[in-house]
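Coordinates in review
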Amino acid sequence: MKAAAIVALIVVSLLLIVAVAVLIARARQPLRAACGACGRAMMPDWTKCLFCGWEPVRPVPRLEFMVGPLAGQTVPLRDEVTTIGSVAGNTVVLSDPAVSRKHIGIRRVGERYELADLGSTNGVYVNGHRMAKKLLDPGDIMRVGNTEIVFRVE
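For the structure given in this document, a descriptive report is provided here. (Residues numbered from 1 in each chain as written. Predicted model: local features only at pLDDT ≥ 70, side-chain atom pairs only at ≥ 80, totals over all residues. Heavy atoms only, no water.)

**With respect to the nonpolar core**
The test is simple: Here the nonpolar core consists of buried residues drawn from Ala, Val, Leu, Ile, Met, Phe, Trp, Tyr and Cys, with membership extended through side-chain atoms lying within 4.5 Å. Think of it in three bands: with a 1.4 Å probe and only protein chains considered, a residue is buried below 20% of the maximum accessible area for its type, exposed above 50%, and partly exposed in between. To qualify as a helix, a DSSP run of H or I must reach at least 4 residues; to qualify as a strand, a run of E must reach at least 2; elements of each kind are numbered from the N terminus. Contacts are assigned to residue pairs that have any heavy atoms within 4.5 Å of one another.
Of all hydrophobic cores here, the largest spans 20 residues; its most connected members are Leu 63, Phe 65, Leu 94, Ile 106, Leu 115 and Met 142. Of all elements in the fold, only strand S3 (62–67), strand S7 (104–109), strand S8 (112–117), strand S9 (124–126), strand S12 (141–144) and strand S13 (147–152) reach the threshold of two or more residues within this core. Ignoring anything within four residues of it in the chain, the contact list for Leu 115 reads Ile 104, Gly 105, Ile 106, Val 124, Val 126, Ala 132, Lys 133, Lys 134, Leu 136 and Met 142.

Put into structure tokens, the structure is as follows:
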């Protein structure tokens, strides 16, 4: 009787180990979203459904002007490059004596956006630190002259 109990205990232990291994393997698989058109599973890195071509609506990154001459306004980042400066020819023109003619540029790098100082006199500050270049994160606060801008993605 003791041998049968030991064998039963070993079998139950092995089944428990297999069940835990299966649960761990499932937990490591990336979550799949469903296609909004055909309902089939989509992998997280897919930019569109490979079955029907449906593309989810992605939020448009934007600049929200908090302080300065454009306070309260929003500029969507739809172009490959967005420039901010004090003269015509920039995407955004700021009437601010502390802003250089071509002050900063923001360019799309894959799915992200990179800010670059274009040789301005007063520099650009991101979250309080002077920077020549920075990959922007949602919520970053940029200071260009006397203007404060928040980078938003949601």
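Further notes follow.
**Considering the side chain of Glu 114**
Locating Glu 114 in the fold gives a position in strand S8. Exposure remark for Glu 114: the relative accessible area of 14% places this residue in the buried category. For Glu 114, the contacting residues outside a window of four places in its chain are Gly 105, Ile 106, Arg 107, Val 109, Lys 133, Lys 134 and Leu 135.

**Considering the environment of Glu 80**
Mapped onto the elements of the fold, Glu 80 is located in the loop between strand S4 (74–76) and strand S5 (81–85). When the C-alpha atoms of Glu 80 and Tyr 113 are compared, they prove to be 9.4 Å apart, with 33 residues separating the residues in sequence. Not counting residues up to four positions away in its chain, the partners in contact with Glu 80 are Ile 106, Arg 107 and Arg 108.

**Some thoughts on the sheet that holds S9**
Where we set the bar: If DSSP finds at least two bridges between two strands, the strands pair. A fitted line through C-alpha atoms serves as each axis, taken over the contacting stretch for helices, and the angle formed by two N-to-C directions is quoted from 0 to 180°.
Strand order in this open sheet of six strands is S4-S3-S13-S12-S9-S10, and the pairing throughout is antiparallel. At either end of the open sheet lies a strand with only one pairing partner, and these are S4 and strand S10 (129–131). This sheet shows a mean twist of 30 degrees between the axes of neighbouring strands, independent of strand direction. Pairing between S9 and S12: three bridges, direction antiparallel. Residue pairing for S12: Tyr 125 is matched across the bridge by Arg 143.

**Considering the pattern of salt bridges**
Cut-off, in case you're wondering: By definition, a salt bridge exists where a carboxyl oxygen of Asp or Glu is found within 4 Å of a side-chain nitrogen of Lys or Arg.
Using the criterion set out here, one finds eight salt bridges in the structure. The salt bridge involving Arg 62 is made with Glu 64; its shortest N-O contact spans 3.2 Å. Residue classification places Glu 64 among the buried residues on the basis of a relative accessible area of 17%. For Glu 148, the salt bridge is made with Arg 143, and the minimal N-O distance between the two is 2.9 Å.

**A look at the sheet that holds S7**
Within a sheet, adjacent strands bond to each other through the backbone by hydrogen bonds, running parallel or antiparallel. With respect to topology, five strands assemble into an open sheet ordered S6-S5-S7-S8-S11, the strand pairing being mixed. Sheet topology places strand S6 (92–93) and strand S11 (133–135) at the edges, where each strand pairs with a single neighbour. With six bridges connecting them, S7 and S8 associate as antiparallel partners. Bridging from a neighbouring strand, Gly 105 pairs with Ala 116 of S8.

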